[in-house]
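Structure at a glance
Below, each chain spelled out in residue letters.
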Amino acid sequence: MLHEPRFWSAVAFVLFFVLFGRKLWAPLAAALDGRAARIRADLDEAARLRREAEQMLEDATRERETTLAEARALVEHSLAEAARIAEAAKREAEAVALRREQMARDRIAATERSAVREVRQAAIDVAVAATRDVLAAALPAEAGAAIIDRAIADLPSALARHAA
């Protein structure tokens, strides 16, 4: 066994690690510890960034919900305002239509009164003319003068009766 190269390779390997293992182990462990610390720091930073991102997402979600609620309220308010304006316009249109209808009725009534006056006046004129013609043909001139004198004499009492 002492003449075996494998034996001496194994002994050399063990001696190498016994003599230099501590010297190699410390820097190797330090490098691994440093790398583990960097990885841990990176993981901590990633966790912190994740928490910040989640907080930002919550804030954005809350802000979105608030904005949506405000938008809904604004739309509802606008619809209510539009309905109110439409109702007011409807009432105003109805009032204008009623006023115009009343004005038309008033004009019709005034035209009727005017037409009645004109017809009465025309009837009076025709009656007076007919009476004049009948009286002129039927009465002698002396009798007509007597009727006119009597009518002039009765005029003050007729005016007094008419005024009362």
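It should be emphasised that the depicted structure is a prediction, and the values quoted were computed from it without experimental measurement. (Residues numbered from 1 in each chain as written. Predicted model: local features only at pLDDT ≥ 70, side-chain atom pairs only at ≥ 80, totals over all residues. Heavy atoms only, no water.)

1. Digging into the overall build of the protein chain
Note the following rule: Numbering goes from the N terminus for both helices and strands, where a helix is a DSSP run of H or I of at least four residues and a strand is a run of E of at least two. All radius of gyration figures rest on C-alpha atoms, and the globule criterion is 2.2 Å times the number of residues raised to 0.38. Remark: exposure states derive from per-residue accessible area (1.4 Å probe, protein chains only) relative to the maximum for the residue type, with buried under 20%, exposed over 50%, and partly exposed in between. Here the Shrake-Rupley method, with its probe set to 1.4 Å, supplies the accessible areas, and only the displayed protein chains count as covering residues. The sign given to each residue is positive for Lys and Arg and negative for Asp and Glu; His and the chain ends receive no count. Note that the charge is assigned to NZ on lysines, CZ on arginines, CG on aspartates and CD on glutamates.
Assigned secondary structure in the protein chain consists of two helices and zero strands. Taking 2.2 N^0.38 as the reference for a compact globule, 164 residues should give roughly 15 Å; the C-alpha atoms of the protein chain span a radius of gyration of 62 Å, well beyond that estimate. For the C-alpha atoms alone, the extent of the protein chain along its principal axes is close to 195 × 30 × 15 Å. Each of the 164 residues in the protein chain was classed as buried or not, and the buried ones make up 1%. Surface accessibility of the protein chain: about 14700 Å² in total, with carbon and sulfur atoms responsible for 65%. Each charge class in the protein chain can be summarised by its mean position, and for the 25 positive and 26 negative side chains these summaries are 8 Å apart.

2. A look at a nonpolar patch on the surface
Worth spelling out the cut-off: A patch consists of residues whose relative accessible area exceeds 30% and which take part in no salt bridge; residues with like charges are grouped when within 9 Å of each other, and nonpolar side chains (Val, Leu, Ile, Met, Phe, Trp, Tyr) when within 5 Å. Salt bridge, as applied in this entry: a Lys or Arg side-chain nitrogen positioned within 4 Å of an Asp or Glu carboxyl oxygen.
On the surface, Phe 13, Val 14, Leu 15, Phe 16, Phe 17, Val 18, Leu 19, Phe 20 and Leu 24 cluster together into a nonpolar patch covering about 900 Å² of accessible area. By the element assignment, Val 14 lies in helix H1 (residues 5–138). By relative accessible area, which is 47% here, Val 14 ends up partly exposed.

3. A word on the pattern of salt bridges
Applying the stated criterion across every chain, the model contains seven salt bridges. Taking the shortest distance from any N to any O, the salt bridge between Arg 84 and Glu 81 comes out at 2.3 Å. Of the two residues, Arg 84 and Glu 81 are both situated in helix H1; the distance of three residues between them amounts to about one turn of the helix. Through salt bridges with shared partners, one network takes in Glu 45, Arg 48 and Glu 52.

4. A look at the environment of Glu 81
Worth spelling out the cut-off: What qualifies as a polar contact is a pair of N or O atoms within 3.5 Å, subject to a donor-acceptor requirement within protein and to the restriction that residues adjacent in sequence count only when both atoms come from side chains.
Judged by its relative accessible area of 29%, Glu 81 is partly exposed. Polar contacts involving the side chain of Glu 81 include one to the side chain of Arg 84, which spans 2.3 Å.

5. With respect to the environment of Gln 121
With respect to the helices, strands and loops of the structure, Gln 121 is situated in helix H1. In this structure the C-alpha to C-alpha distance between Gln 121 and Leu 57, which are 64 residues apart in sequence, comes to 94 Å.

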